[in-house]
Every structure is written in structure tokens, then in C-alpha cells.
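The chain contents come next:
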Amino acid sequence: MKLNLVQSINLALKQEMTRDPNVVLLGEDIGKDGGVFRVTEGLWQQFGDNRVIDTPLAEVGIISVSIGMAIAGMKPVPEVQFDGFSLPMLDQLYNHAGRMRKRSQGRWHVPLVLRVPHGGGIRALEHHSESLEAFFTHIPGIKVVTPSGPYNAKGLLVSSIRDSDPVVFLEPKRIYRAIKEEVPEDEYTIPLNKAEVVQEGSDVTVIAWGAMQKIVREAVEQLAGKYSVEILDLLTLYPVDRKTIIDSVKKTGRAVVVHEAPRTCGYGAELIATINDQALLNLEAPVARVTGYDIPMPLPKLENYYIPDVTRINRAIENVMEF
Amino acid sequence: MPKKEMNIDLEIFQILNEDGRIANTREMPQLKDDDIKRMYESMVLARVFDDIALKLQREGRMLTYASLMGQEASQIGSALALEDEDWFVPSYRENGVFITRGFPMETLYLYWAGDERGMKIPDGMNALPVSIPVGSQVPHAVGIALANKLTEKKSVAVVYFGDGATSKGDFHEGLDFAGVFQVPCVFICQNNQWAISVPVKKQTAAETIAQKAIAYGIDGARVDGNDVFAVYKVVKGAIEKARVGKGPTLIECYTYRMENHTTADDWKKYRDPSEVEWWKHRDPIERLKKYMEDEGIWNEAYDKEVWDNAKAQVSEAVKKFESVPPPSPLDMFTNIYEELPPEIEEQRKDFE
């Protein structure tokens, strides 16, 4: 059936909750209201108060209570309403969720999935449009996953829920309803360490994830016939599939990394370091970055100047090709 | 609309007074002589453990250590109120609780000597490891209690923290959730008057910690934290109430940190020695001893046996902990994820 991202995530949650009675959702307005993006719509009606828990308005409470529940054997799937509000959770993620396996010497672990609507481009209020993936990937003991469309969202979320380590699941809110894809009703999983080669090419590798995938594909389409571009969709940012990245860059000899987050210490820097480590001598040009700027995320009137677009991506590809 | 009935008494609840006399016969819990002896012996053991830890630290055989001296009644009285299946969620000052719950002393020493293996929670024990970020463990207990409630387990979660933790957001969010979801959780605040150098007056303008329960719609109690009978009775009552689904309780144990915050601290910089002296006369161990002597269940010979036995156990634990071979540096790379990701696997190989 054809589903958008919201519907496919909803389906994954519903199926996992049916399969495993320990899967419990927590968050603000996720019950009767179905969540601010309607991702959990209908689940409270189906599973009731004990499985779809409307919490007080308290992000630290949501994540830390989820940590306790996970230690005690449940599978909490907490939701934070917007990325900018996830920052108070960093303390609990860093000091406890990512560390409890170590802190208890293996006695306890924290199998939870924190769902975060992520990134900009929806003309939202301040603090509703941030890209924080580098904060999360820097936390030892956490996995960071980000789908780019309805099909991979379902498979990745099912894998995340079944994983025994804490997962931060970044949902590109800009494309929640922008793409419809064929999504099987039947169960399937996508491994949490595998990037996807979206399009094969031989001249240059473009690496992106989440909402940027859609923009990258549009950009690359405009270059069809001019360059042979290979597009990688990382899907999991930690642990990242370095083999697919390195194999691709060794083949093409050129790479462009695209992300919405600010440039300095952004996740792109880590990718470039990885490429330098393992494929430096294959490079025909320095790896280019198309990113947000090192400034606070602008409000909607200016956000489209901040978020990488087709023009900026193609300019970077041209530069790398002509180096 | 009728107001919800809340059970809060802001008077300090006491059974055994400063002179070791029963101030409140009606409230005295049903305890056999052996139970009372166990309380005394556990408190002495915690005191000796603590004393030796301080000594080992001074000699450079252990690292920074947080003493519980003066808080033995709060810790042992509460720890003895837990059933085997109950959870305890400690801060970093709960060595008395750990020992009383059966956590091996040599393992605790290992932790305080900077060895990760000291964090190993024994199988079968429902406890979280020491939590250093102040108050951050409070909502974990709420989550454990919520899971226990949803999965219909009879276990209660008991969480420990100090007066300083009550200023933290984690405390607020934890108690708020606990009230909303009516979870089987007991919050034990050991109000030991000082958060390092800051007195409780500067943590909160509230006259008591216990009264904060009112704002969360849960029960609260204020208890003499140097009175082991009162602590035991109130905590036991709160645990049993939680177990039958009647909701959480915030308990303020009014006590005193007789030592430094940690071995890296010097209380003489901020406390008046007369204050410390005043509390020395309220030593929880001395108080129980007087009572036992009056009751004819304490004498010099018994006391010597108790202290000798505690010293022998602790010295055995020290011997064991000091004979543990140093950890393998490769242990750094264990217990990070269920399966080590290739990144870390490579870093581990690099290290080798």
C-alpha cells in the first residue's frame, strides 16, 4: 500500500505494539490527540492508557522515566515534540542511557527508542527546526538512526525497537507527508549499520541523510547526462556504514557531504575524517560540504536561505568536478 | 469540590529520642531483640566500612570517597524495610544501604578505588549502580516503578537522594510523574543539612523538604533520620502502602553529615565546629546503644564482639579488594553496546 512517512511510522508502531506487549509509547499529546504530527494517531484508541501514555509536559521526565522503564524490562518508545526541546534530554542520554550497560557492568541495559521530529523547512516557530544529529552521535552507547522515506522508516523503526541499545530515531519532519511510497504491510527490518546506495554513479559520491536525501535527488536529477553521480543515504549515523562510503569514494574519487546542521563539528566533518583515513589517496579533489551555517537556525522567513538547496548542492558538485 | 485528602505531617516523627528513650510507645514497631541487634550491627558495620574507607583514602589506597557517617539510621533503617524483590536506586552516599542489602563490601571498595568492576550489581539484586549526577537517578526509580505497575509486579522502587537534589529539575519531574501515575515508589531524602558547603536554607525557602509532597499531590513524611526505629517504621509503611497500589511517598529523613562531603572537601571552611559537636551528641549508633542497654540487650562484651566482628569483616573485604588484580585495559571496550560496533572494534584493535 502507498503510505507517507507519518503513516508508515504509525504502522510500524502499531505492529510492534501488537507483537510485543512491553512496547509502550510515552510523550506529550500522543494519546487522544495522536501527537503534534499525528504520528501516533489511533494508537491510544487501540491500545489504551497503559500503552500510549500522555505524560506531563517535561522532556527530562519523559526520557528519564523511559530509562527506568527500559531497565525494568519494558521497551519504551518516548516521543519529543520537536528537536529543539530534546536538548534537556542530553544529560540523561549521555550520563545514563548510553552508560547504564557500562555503569552496571552489563547487568542492565536501556532498550528505548527516542523519536525526534527533526530538522527545518516546515515554517515552524523558533526552536522547532533544529538539526542535532551530531550531539547524539557524539554520545557513546547510543545509536542514531534517520530514515529518508516511508519504506525505510518502517524497517528502521522496527529494527530500532527490537535493538537492545538506546536508539535516537530522527524523523525528517519536512518530508513527513511529502513522499508516498509502497510500504509492505508485512513485517520487514532494515539493519542498523547499513547505508543504501540510492543511485549508482562513477564521477562523484554525494552523501546525505534524512530530509536532505530528497533535495539531493532533485539536485542530481538536474545534472543527469552531465555527471554520473552516486548517491548514498546513510540511514544509520551511528554505527555508520563506513564500508559503503569508502567503497563508493574509492570508485568515484570525489565526494560531497550535505547536511542541514551547522558546519563546525557537524556530522559531515566526521565523514570527511573517515574518508581521509581510508581513501585519501583515491581523492581527486577535497571533499566538499554543503551545510547550514554556524548561526542559530533562522526563523521561517529566512530558513530557505539556510537549508542546503538544489543550487548550493549542484554548485558544490560542479566545484568538486572541476577541481 | 472536596479537597483530596493528603497525609502530611510536618512535625519530625520520632520514636527513639536523643537520650535513647522511647518517646512514642504507641508508634514503636514490632521488633524482636534479634531485629534490633541486626539494626545495631548493620549500623556499626557501615560505620567501620566508612571509617576504613577514609583511612584507605588518606593512605592513597583509595580515591575520593563520600562518607555516610551520621546517616546510619536513615540508611540502615530504610534498607531493612525493603523486601528482596524491591528496587533501590542510590545516589553516591548510600554505602550503608548497599551493605545492608547484601552488596559485597569488597566490590564497593573496588568502585571507590576507581575500578569499573566495582559497579557490578550482583545477579538477583534489584539495584542501580551509584549515581553521581545529583538527583538524576530520581526519575529512573519512577520509571522502574511505572514498569512494575504496568507489568503488575509487586516490587516497590525506593530512591535515595540528598537535600541538594531537591533543587534539581530531575527531582521535580520525577515526583510530578510519580504523582500523576501513582506509581509504587518511595522517595527518601536524607536531609543531611549540607550540599557540600551550601546549607539547606539556601537550597529552598520551604521550611521542610517533606512539604514539597503537597505540590505533587502525594503523601509526605518528616522523620528523625537519626532514629532508626522511626525511619524503619515510616519507610516500611510507605513501601507497603505503595505495594498495594496506594501511591508514592516523599520521606524527609532529618539527619546530619558528620564528615566532609567527600574526602576532597574540608568542612571547617564553612561549618561551625559547635554545630558538628551538637550533632555528635545525636549520633544514631550511640542512641540505639543506650536504648539497648536499658532494655538489657547490650553490654560491653556484646559491643566488643559487634565491633570486632565488623572490623574483621571489613578487613577481610579490604584484603579481598586489594588482592583483585588490576583490570585489563581492554575492559574499557566492554559493555558499551550489546555488540561492539566496527568503529569501536577497530579502536580496540588499535589500542592493542
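This text goes with the structure placed above it.
These numbers were taken from a predicted model, which means no experiment stands behind them.

Draft legend 1. The overall build of chain A, seen in detail. Scanning chain A from terminus to terminus reveals 12 helices and 14 strands. Expected size for 323 residues packed as a compact globule is a radius of gyration near 20 Å; at 19 Å, chain A falls within 12% of this value. Contacts in chain A between residues far apart in sequence, at least 24 positions, make up 82% of those at least 6 positions apart. Carbon and sulfur atoms provide 51% of the accessible area of chain A, an area that totals close to 12,100 Å².

Draft legend 2. Molecular detail of a negative patch on the surface. All names here are of chain B. Taken together, the side chains of D33, D34, D35, E41, E295 and E305 present a region of like negative charge at the surface. In terms of residues, the negative patch owes the most to one element, helix α1 (residues 33-58), which gives 4 residues. Within the element layout of this structure, D34 appears in helix α1.

Draft legend 3. Here's a closer look at the side chain of R242 of chain A. Within the element layout of this structure, R242 of chain A appears in helix α9 (residues 242-252). Polar side-chain contacts of R242 of chain A include one of 2.9 Å to the side chain of E346 of chain B. Setting aside residues up to four positions removed in sequence, R242 of chain A forms contacts with T274 and Q278 of chain A together with P342, E343 and E346 of chain B.

Draft legend 4. Spatial organisation of the packing of aromatic side chains. All names here are of chain B. Inspection of the entire model under this criterion finds 25 aromatic pairs over all chains. Between F229 and Y291 the ring centres are 5.1 Å apart and the planes differ by 80 degrees, which places this aromatic pair in the edge-to-face class. Of the two residues, F229 is situated in helix α8 (residues 228-243) and Y291 in helix α10 (residues 284-295); the sequence distance between them amounts to 62 residues. Ring centres of Y256 and W279 lie 4.9 Å apart, and the angle between their planes is 5 degrees; on these two criteria the pair is classed as stacked. Taken together, the residues span a long stretch of sequence, with Y256 in the loop between β8 (249-254) and α9 (273-280) and W279 in helix α9 at a distance of 23 residues. One exposure class covers both Y256 and W279, and it is buried. Feature note: the residues F49, Y65, Y109, Y111, W112 and F321 constitute an aromatic cluster, connected by ring pairs. Residue placement shows K37 over the ring face of Y302; its charged tip is 5.3 Å from the ring centre. A cation over a ring is seen here: R282 above W278, with NZ or CZ 3.4 Å from the ring centre.

Draft legend 5. Region of the structure containing the pattern of salt bridges. Scanning the model with the defined rule gives 39 salt bridges over all chains in all. Its salt-bridge partner being R115 of chain A, residue E79 of chain A comes within 2.8 Å of it at the nearest N-O pair. Of the two residues, E79 of chain A is situated in the loop between β4 (75-78) and α4 (90-97) and R115 of chain A in strand β5 (residues 113-118); the sequence distance between them amounts to 36 residues. The exposure class assigned to E79 of chain A is buried, which follows from its relative accessible area of 4%. A salt bridge links D115 of chain B to R117 of chain B; the shortest N-O distance between them is 2.7 Å. Each of the salt bridges in this network shares a partner with another, and the network as a whole consists of E16, R19, R162 and E187 of chain A.

Draft legend 6. Highlighting unusual backbone geometry. For the bond running from Y238 of chain A to P239 of chain A, omega is -5 degrees, close enough to zero to count as cis. Along the polypeptide, P239 of chain A turns up in the loop between β12 (236-238) and α9. Non-glycine residue Q193 of chain B carries a positive phi angle of around 80 degrees. Relative to the helices and strands, Q193 of chain B resides in the loop between β4 (185-191) and β5 (194-195).

Draft legend 7. Structural detail: the sheet that holds strand β6 (residues 143-145) of chain A. All names here are of chain A. Across the sheet, 4 strands lie side by side as β5-β7-β6-β12; this open sheet has mixed pairing. The sheet terminates laterally at β5 and β12, the two strands that pair on one side only. In this sheet, adjacent strand axes meet at a mean angle of 20 degrees when their direction is disregarded. Alignment of β6 against β12, held across 2 bridges, turns out to be antiparallel. Among the inter-strand pairings, V144 is bridged to a residue of β12, identified as Y238. The strands touched by helix α7 (residues 150-162) within the sheet are β5, β6, β7 (167-172) and β12, with β7 carrying the most contacts at an inclination of about 160 degrees.

Draft legend 8. Just empty space enclosed by the protein, in detail. All names here are of chain A. All told, the structure shown has 3 cavities of 30 Å³ or more when counted by the stated rule. Size it by volume and the largest cavity reaches roughly 110 Å³. If you trace the largest cavity, you find 14 residues lining it, with H118, W209, G210, A211 and E260 closest to the centre. When contributions to the lining of the largest cavity are tallied by element, the ones reaching two or more residues are β7 and β13 (255-262). By residue number, the principal contributor to the lining of the largest cavity is β7, which donates 3 residues. Of the residues in the lining of the largest cavity, the class split is 5 nonpolar, 6 polar and 3 charged. For the second largest cavity, the calculated volume is near 50 Å³. A breakdown of the residues in the lining of the second largest cavity according to their chemical character gives 8 nonpolar, 1 polar and no charged.

Draft legend 9. Here's a closer look at the interface of chain B and chain A. In this assembly, 47 residues from chain B lie in contact with 43 residues from chain A. Between chain B and chain A, roughly 3,600 Å² of surface is buried when both sides are summed, and carbon and sulfur atoms account for 61% of that area. Ranking the residues of chain B by area buried against chain A places F177, N335 and Y337 of chain B at the top, with a combined share of 19%. In this assembly, chain B and chain A are joined by 3 salt bridges. The residue K102 of chain A makes a salt bridge to E116 of chain B at a minimum N-O spacing of 3.2 Å.

Draft legend 10. Region of interest: the sheet that holds β4 of chain A. Residues and elements named next belong to chain A. Pairing within the open sheet is parallel, and its 3 strands lie in the order β3-β2-β4. Strand pairing shows two members of the sheet lacking a second neighbour, β3 (52-54) and β4, which therefore form its edges. Taking each pair of neighbouring strands and ignoring which way they run, the sheet shows an average axis angle of 25 degrees. The sheet strands contacting helix α1 (residues 5-19) are β2 (23-27), β3 and β4, and the helix crosses β2 at an angle near 135 degrees.

Draft legend 11. Fine view of helix α5 (residues 138-150) of chain B. Residue and element names in this part refer to chain B. Here α5 spans 19 Å end to end across 13 residues, near enough to the 18 Å set by a 1.5 Å rise per residue. Of all 13 residues that make up α5, 11 are buried, and the element is covered over most of its length. Listed as buried for α5 are V138, P139, H140, A141, V142, G143, I144, A145, L146, A147 and N148. With its phi angle positive at about 55 degrees, E152 sits one or two positions after the end of α5.

Procedures and definitions
- Residues numbered from 1 in each chain as written.
- Chains lettered and ligands numbered in written order.
- Predicted model: local features only at pLDDT ≥ 70, side-chain atom pairs only at ≥ 80, totals over all residues.
- Heavy atoms only, no water.
- Helix = DSSP H or I, 4+ residues; strand = E, 2+ residues; numbered from the N terminus.
- Rg over C-alpha atoms; globule rule 2.2 N^0.38 Å.
- Contact = heavy atoms within 4.5 Å.
- Areas by Shrake-Rupley, 256 points an atom, 1.4 Å probe, with all protein chains shown as cover.
- Patch = residues over 30% accessible without salt bridge, like charges linked within 9 Å, V, L, I, M, F, W, Y side chains within 5 Å.
- Salt bridge = Lys/Arg side-chain N within 4 Å of Asp/Glu carboxyl O.
- Lys, Arg positive; Asp, Glu negative; His and termini not counted.
- Charge placed at Lys NZ, Arg CZ, Asp CG, Glu CD.
- Polar contact = N/O pair within 3.5 Å; in protein donor to acceptor, adjacent residues only side chain to side chain.
- Phe/Tyr/Trp six-rings, centres within 6.5 Å; stacked < 30°, edge-to-face > 60°.
- Buried < 20%, exposed > 50% of the residue type's maximum accessible area, 1.4 Å probe, protein only.
- Lys NZ or Arg CZ within 6 Å of the ring centre and 35° of its normal.
- Pairing = 2+ DSSP bridges.
- Axes fitted to C-alpha atoms, helices over the stretch in contact; angles between N-to-C directions.
- 1 Å grid on protein atoms, 1.4 Å probe; cavity = no way out; pocket = protein on both sides within 12 Å on 5 of 7 lines; lining within 4 Å.
- Points joined across faces, edges and corners; volume = space filled by probe spheres on them.
- Nonpolar A, V, L, I, M, F, W, Y, C, P; charged D, E, K, R; others polar.
- Buried area = accessible area lost by both parts, 1.4 Å probe.
- Expected span 1.5 Å × (residues − 1).

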